[in-house]
Amino acid sequence: MATKKWTLDKSHSEIQFKVKHLMITTVTGTFTDYDGVVETDGDDFSTAKISFTAKTASVSTGHPDRDGHMKSADFFDVETYPELKFVSTKLEKKSAEEYVLYGDMTIKDITKNIRLDVEFSGLVKDPWGNTKAGVILHGKVNRKDFGLKWNVITEAGGMLVAEEVKIVCEVQLAEAAA
């Protein structure tokens, strides 16, 4: 079967993370400069090999002061570590629409294997005849595992920023021209 290459349709994709603040509300962040490639055997996404990179300087939470802090050495240290990376290592098919994706995530030159739940939304042709695929990914990581350790203890003894980070990505893939 012929290998197909798929690219991220950035105008129809979102790469997000969610973190508790003061343990009572959630802050959502995005990466706006990213790229990814998926290779499959034909249209069989159970064979997918995935690579993804995001420019850490593109982190955005909708608040300029917080974004500046996220880019500093306290968090992503964008001057020293300009990219974060993910490369798949294994994909388990649970059903026609559900998969478990394992891969190596690298942030600040620290690589850890992570697990993401994947929902495959299907294949369609857009009005211009291009084949598109929809995928939703979600999982959790501990930010401290990647050297993102900054925090403050509140007066009540709680943490300002949770250690657990939820990953939420809604991705549209476009079949690359042969």
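Before reading further, recall that the structure is shown in the block above.
Residues numbered from 1 in each chain as written. Predicted model: local features only at pLDDT ≥ 70, side-chain atom pairs only at ≥ 80, totals over all residues. Heavy atoms only, no water.

Caption draft 1: Region of the structure containing the overall build of the protein. Broken down by element type, the protein carries 1 helix and 11 strands. When its helices and strands are written in sequence order, the protein yields β-β-β-β-β-β-α-β-β-β-β-β. Over its C-alpha atoms, taken along the principal directions, the protein stretches across nearly 60 × 30 × 30 Å. Considering only contacts in the protein between residues 6 or more positions apart, those separated by 24 or more positions represent 54%. Looking at the protein as shown, the accessible area adds up to about 9,900 Å², and 52% of this sits on carbon and sulfur atoms. (Helix = DSSP H or I, 4+ residues; strand = E, 2+ residues; numbered from the N terminus. Contact = heavy atoms within 4.5 Å. Areas by Shrake-Rupley, 256 points an atom, 1.4 Å probe, with all protein chains shown as cover.)

Caption draft 2: The arrangement of the layout of surface pockets in detail. Taken as a whole, the largest pocket spans an internal volume of roughly 950 Å³. If you trace the largest pocket, you find 48 residues lining it, with Ile 15, Gln 16, Phe 17, Phe 31 and Ile 167 closest to the centre. The class makeup of the residues in the lining of the largest pocket is 39 nonpolar, 6 polar and 3 charged. (1 Å grid on protein atoms, 1.4 Å probe; cavity = no way out; pocket = protein on both sides within 12 Å on 5 of 7 lines; lining within 4 Å. Points joined across faces, edges and corners; volume = space filled by probe spheres on them. Nonpolar A, V, L, I, M, F, W, Y, C, P; charged D, E, K, R; others polar.)

Caption draft 3: Highlighting the packing of aromatic side chains. All told, the structure shown has 5 aromatic pairs when counted by the stated rule. Judged by centre distance (5.0 Å) and plane angle (50°), the ring pair of Trp 6 and Phe 45 falls under tilted. You can see Trp 6 sitting in strand S1 (residues 3-8) and its partner Phe 45 sitting in strand S5 (residues 44-55), a full 39 residues away along the chain. Taken individually, Trp 6 and Phe 45 each receive the classification buried, so the pair is uniform in this respect. Taking the centre distance of 5.7 Å and the plane angle of 45° together, the rings of Phe 17 and Phe 31 count as tilted. Of this pair, Phe 17 sits in strand S2 (residues 14-21) while Phe 31 sits in strand S3 (residues 25-31), and the two are 14 residues apart along the sequence. (Phe/Tyr/Trp six-rings, centres within 6.5 Å; stacked < 30°, edge-to-face > 60°. Buried < 20%, exposed > 50% of the residue type's maximum accessible area, 1.4 Å probe, protein only.)

Caption draft 4: Quick peek at unusual backbone geometry. Positive phi values are uncommon outside glycine, yet Leu 22 reaches one of about 55°. Its place among the elements puts Leu 22 in the loop between S2 and S3. Backbone geometry at Asp 77 places phi at a positive 50°, although glycine is not the residue there. Turning to its location among the elements, Asp 77 is positioned in the loop between helix H1 (64-71) and strand S7 (83-93).

Caption draft 5: Spotlight on the environment of Arg 115. Note on placement: Arg 115 falls in strand S9 (residues 110-125). With relative accessibility at 42%, the residue Arg 115 sits in the partly exposed group. Separated by 82 residues in sequence, Arg 115 and Asp 33 have C-alpha atoms that sit 23 Å apart. The contact partners of Arg 115, leaving out residues within four places of it in the chain, are Val 100, Leu 101, Tyr 102 and Gly 139. One polar contact links Arg 115 to Asp 117, side chain to side chain, over a distance of 2.9 Å. (Polar contact = N/O pair within 3.5 Å; in protein donor to acceptor, adjacent residues only side chain to side chain.)

Caption draft 6: Structural context of the pairing of S5. Direction of pairing for strand S4 (residues 34-41) relative to S5: antiparallel, over a ladder of 7 bridges. Its bridge partner being in S5, Val 38 is matched across the sheet by Ile 50. Counting the residues between successive antiparallel strands, the hairpin from S4 to S5 contains 2 residues, one of them, Gly 42, with a positive phi of roughly 60°. Judged from the 5 bridges that link them, S5 and S7 form a sheet pairing that is antiparallel. Within S7, the position partnered with Ser 51 by the bridge is Val 87. (Pairing = 2+ DSSP bridges.)

Caption draft 7: Structural detail: the side chain of Ser 13. Relative to the helices and strands, Ser 13 resides in the loop between S1 and S2. On the basis of relative accessible area, Ser 13 is assigned to the buried category, the value being 10%. Separated by 2.8 Å, the side chain of Ser 13 and the backbone oxygen of Asp 9 make a polar contact. A distance of 2.9 Å separates a polar side-chain atom of Ser 13 from the backbone nitrogen of Gln 172. Other than its neighbours up to four places away in sequence, Ser 13 contacts Tyr 34, Glu 170, Val 171 and Gln 172.

Everything listed is a geometric property; what it means functionally is a separate question.
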